[in-house]
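# Observations on the model geometry
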Amino acid sequence: TDGNGTADEAERNIISGNNQHGVRIDGANAKDNRVLGNIIGLDVTGTVDVGNSNNGVYVNGAPNNTVGGTAAGARNIISGNEDNGVFLDAAGATGNQVLGNYVGTDITGALDRGNTDDGVRINNAGGNTIGGTTAEARNIISGNNGEGVEITGATTANNVVQGNFIGTDAAGTTGIANNSHGVVFSGNAKSNTIGGTAAGAGNLISFNGADGI
């Protein structure tokens, strides 16, 4: 199913100022949904913070969903929210893809509009992909008040984070620091991959307030 927007800018949703999550995808049967082309946590111009009170996008135990995409107009702007930008949480949240989004910047990818906690957080969830090997799949994960990407929990395994800009603007030339680490592993997370040897798999991780990784 097509959930919460399409890759047509004229059909964009503005999902902001809510007292819980901007978008919540919950449970094992909430699968194969697509969240495309929305502004989640900013105003209609994509520049002013109107954050949701919890996560921008919360995927709770739900498999095979796609947040963003590689087609023109599929990018979500997920910024200004009071918790994480994107949170993949709990066993069952597997096979999800987070592609081509701006997480923590404004719509231009040049201004800091960070989420209050992490840009992307994966907790006790496995087999998800953040980014990809093409420029179209690249997420800009910058300006967040916590980590750029946090991978945490003993059952958090086999996730792949590749091809992203973490701590820079969309051009990859100017710093928009995440306040803490660029990427952090915690809570006995294991067997996850940051980058890779294929063309385009490397992440650009710069300017962050603590460690790169």
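Every residue gets a number counted from 1 within its own chain, in the order that chain's sequence is written. For a predicted model such as this one, the threshold for reporting local features is a pLDDT of at least 70, and the threshold for listing and counting side-chain atom pairs is 80 or more; totals across whole chains, interfaces and linings nevertheless cover every residue. Only heavy atoms go into the side-chain values, all of them from the structure, while hydrogens and water stay out.

### Brief notes about the overall build of the chain
Put simply, DSSP marks the helices as runs of H or I at least four residues long and the strands as runs of E at least two long, and each gets a number from the N terminus on. The helix and strand inventory of the chain stands at zero helices and 19 strands. Atoms counted for the radius of gyration: C-alpha only. Globule rule: 2.2 Å times the number of residues to the power 0.38. The C-alpha radius of gyration of the chain comes to 15 Å, within 12% of the 17 Å expected for a compact globule of 213 residues. The principal-axis extents of the C-alpha atoms in the chain amount to approximately 40 × 40 × 30 Å. Categorising residues by exposure relies on relative accessible area from a 1.4 Å probe, with only protein chains included: less than 20% of the type maximum marks a residue as buried, more than 50% marks it as exposed, and the intermediate range marks it as partly exposed. Sorting the 213 residues of the chain into buried and exposed places 54% on the buried side. Contacts are assigned to residue pairs that have any heavy atoms within 4.5 Å of one another. For the chain, contacts bridging at least 24 residues in sequence account for 83% of all contacts bridging at least 6. As displayed, the chain offers around 8000 Å² of accessible surface, 46% of which is attributable to carbon and sulfur atoms. Charge convention: Lys and Arg are scored as positive, Asp and Glu as negative, and His as well as the terminal groups of each chain are ignored. Charge positions come from single atoms, namely NZ of Lys, CZ of Arg, CG of Asp or CD of Glu. Of the side-chain charges in the chain, 9 are positive and 20 negative, and the distance between the mean point of each set is 6 Å. Where accessible areas are quoted, they stem from the Shrake-Rupley method and a 1.4 Å probe; at the residue level, only the protein chains shown are allowed to cover.

### Things to note about the sheet that holds strand β9 (residues 97-99)
Pairing between strands is defined by DSSP: at least two bridges between the two strands are required. What the six strands build is an open sheet, ordered β3-β6-β9-β12-β15-β18; its pairing is parallel. Every interior strand has two partners, whereas the edge strands, β3 (34-35) and β18 (193-194), have only one. Direction of pairing for β9 relative to strand β12 (residues 129-131): parallel, over a ladder of two bridges. In the strand pairing of β12, Gln97 is matched with Thr129.

### Considerations on the sheet that holds strand β14 (residues 149-152)
Ordered in space as β2-β5-β8-β11-β14-β17, the six strands form an open sheet in which the pairing is parallel. The sheet is open, and its two borders are formed by β2 (23-26) and β17 (183-186), each paired with just one other strand. Pairs of neighbouring strands in the sheet enclose a mean axial angle of 5°, with direction left out of account. Direction of pairing for strand β11 (residues 120-123) relative to β14: parallel, over a ladder of four bridges. What sits directly across from Asn123, in β14, is Thr152. The convention used is that axes are lines fitted to C-alpha atoms, helices contributing only their stretch in contact, and that angles between N-to-C directions extend from 0 to 180 degrees.

### Re the environment of Val35
Mapped onto the secondary structure, Val35 falls in strand β3. According to the relative accessible area criterion, Val35 is buried, its value standing at 1%. Between the C-alpha atom of Val35 and that of Ile25, which follows or precedes it by ten residues, the distance is 9.9 Å.

### A look at the environment of Thr156
Tracing the chain through its elements places Thr156 in the loop between β14 and β15 (160-162). In contact with Thr156, other than residues within four places in its own chain, are Ile122, Asn123, Asn124, Ala125, Ile151, Ala189, Lys190 and Asn192. In the analysis that follows, any N or O atom pair within 3.5 Å is treated as a polar contact, provided that within protein one partner can donate a hydrogen and the other can accept it, and provided that, for residues neighboring in sequence, both atoms belong to side chains. Here Ala125 takes part through its backbone nitrogen, which lies 3.4 Å from a polar atom of the side chain of Thr156.

### A look at the confidence of the model for the chain
Looking at the chain, pLDDT values average 96 and 97% of them are 70 or higher. Confidence of the predictor at the level of single residues is captured by pLDDT, which takes values from 0 to 100. Counting interchain partners and residues more than four positions distant, the pLDDT-below-50 stretch residues 1-5 has 19 contacts.

### Remarks on the packing of aromatic side chains
Note on aromatic pairs: the rings of Phe, Tyr and Trp (six-membered ring only in Trp) are paired at centre separations within 6.5 Å, and the planes decide the class, stacked below 30 degrees, edge-to-face beyond 60, tilted for the rest. Inspection of every chain in the model, using the stated rule, returns one aromatic pair. With centroids separated by 5.4 Å and ring planes inclined at 40°, the aromatic side chains of Tyr58 and Phe87 adopt a geometry described as tilted. In this pair, Tyr58 sits in strand β5 (residues 57-60) while Phe87 sits in strand β8 (residues 86-89), placing the two residues 29 residues apart along the sequence. Like Tyr58, the residue Phe87 is buried in the burial classification.

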